[in-house]
Amino acid sequence: MLTIERALVDEIVAHARADHPDEACGVIAGPIGSDRPVRYIAMTNAERSPTFYRFDSQEQLKVWREMDDRDEEPVVIYHSHTSTEAYPSRTDVSYAAEPNAHYVLVSTRDEDDHEFRSYRIVDGEVTEEEVAIVDSYG
């Protein structure tokens, strides 16, 4: 199960809405081994595409090094789908390289609502998980 603060969900959804009709992407870092998303990091979709995302390689290297320096790991890796449901595509599955991460997808296909779902993707196998949105971790 993914437990995530409402403020972080709001950041992800706002980023997805701002980049629409292109897919948005980013990471939420947290202390290594904590499974707690804490630090929101919006990233650039190098593809600038409504159907595909890819982290900019230079930006990704910088962000991953920064996480290493801060004893963090990518707890959530998120991106948006602009015209389909919030479910990982074959391409999404093939690029899922962080077995401990929660892969969050937000669908912005409905301009008045959004779909927010989380998955674990390990060795090409997709498993949807429950999402608990909390006001704070307390």
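These numbers were taken from a predicted model, which means no experiment stands behind them.

A. Structural view of the environment of Glu129. Its location among the elements puts Glu129 in strand S7 (residues 125–129). Taking the C-alpha atoms as reference points, Glu129 and Arg117, 12 residues apart in sequence, are found 7.8 Å from one another. Not counting the four nearest positions on each side in its chain, Glu129 is found in contact with Met1, Leu2, His102, Ser118, Tyr119 and Arg120. Looking at Glu129, its side chain comes within polar contact range of the side chain of His102, at 2.4 Å.

B. Quick look at helix H1 (residues 6–19). Here H1 spans 20 Å end to end across 14 residues, near enough to the 20 Å set by a 1.5 Å rise per residue. Residues of H1 that are buried include every one of Leu8, Val9, Ile12, Val13, His15 and Ala16, and no others. Projected down its long axis, H1 shows its buried positions confined to an angular sector of 155 degrees, all on one face.

C. Region of interest: the sheet that holds S7. Within the open sheet, the 6 strands sit side by side as S3-S2-S4-S5-S6-S7. Their pairing is mixed. Whereas interior strands pair on both sides, the edge strands pair on one side only; in this sheet they are strand S3 (39–43) and S7. Adjacent strand axes in the sheet meet at a mean angle of 30 degrees, parallel and antiparallel pairs treated alike. In this structure, strand S5 (residues 102–107) lies alongside strand S6 (residues 115–122), joined through 5 bridges in antiparallel fashion. Pairing of Leu105 across the sheet is with Arg117, part of S6. Set on the sheet, H1 makes contact with strand S2 (25–31), S3, strand S4 (72–81), S5 and S6; between it and S3 the angle comes to about 5 degrees. Along the sheet face, helix H2 (residues 57–69) touches S2, S3 and S4 and points at about 170 degrees away from the line of S3.

D. Representation of the pattern of salt bridges. Throughout the structure, instances matching the rule amount to 11 salt bridges. In this structure, the salt-bridge partner of Arg39 is Glu66, at a minimum N-O distance of 2.8 Å. Highlighted residues: Arg39 in strand S3 and Glu66 in helix H2, separated in sequence by 27 residues. With relative accessibility at 16%, the residue Arg39 sits in the buried group.

Conventions adopted
- Residues numbered from 1 in each chain as written.
- Predicted model: local features only at pLDDT ≥ 70, side-chain atom pairs only at ≥ 80, totals over all residues.
- Heavy atoms only, no water.
- Helix = DSSP H or I, 4+ residues; strand = E, 2+ residues; numbered from the N terminus.
- Contact = heavy atoms within 4.5 Å.
- Polar contact = N/O pair within 3.5 Å; in protein donor to acceptor, adjacent residues only side chain to side chain.
- Expected span 1.5 Å × (residues − 1).
- Buried < 20%, exposed > 50% of the residue type's maximum accessible area, 1.4 Å probe, protein only.
- Arc of directions from axis to C-beta.
- Pairing = 2+ DSSP bridges.
- Axes fitted to C-alpha atoms, helices over the stretch in contact; angles between N-to-C directions.
- Salt bridge = Lys/Arg side-chain N within 4 Å of Asp/Glu carboxyl O.

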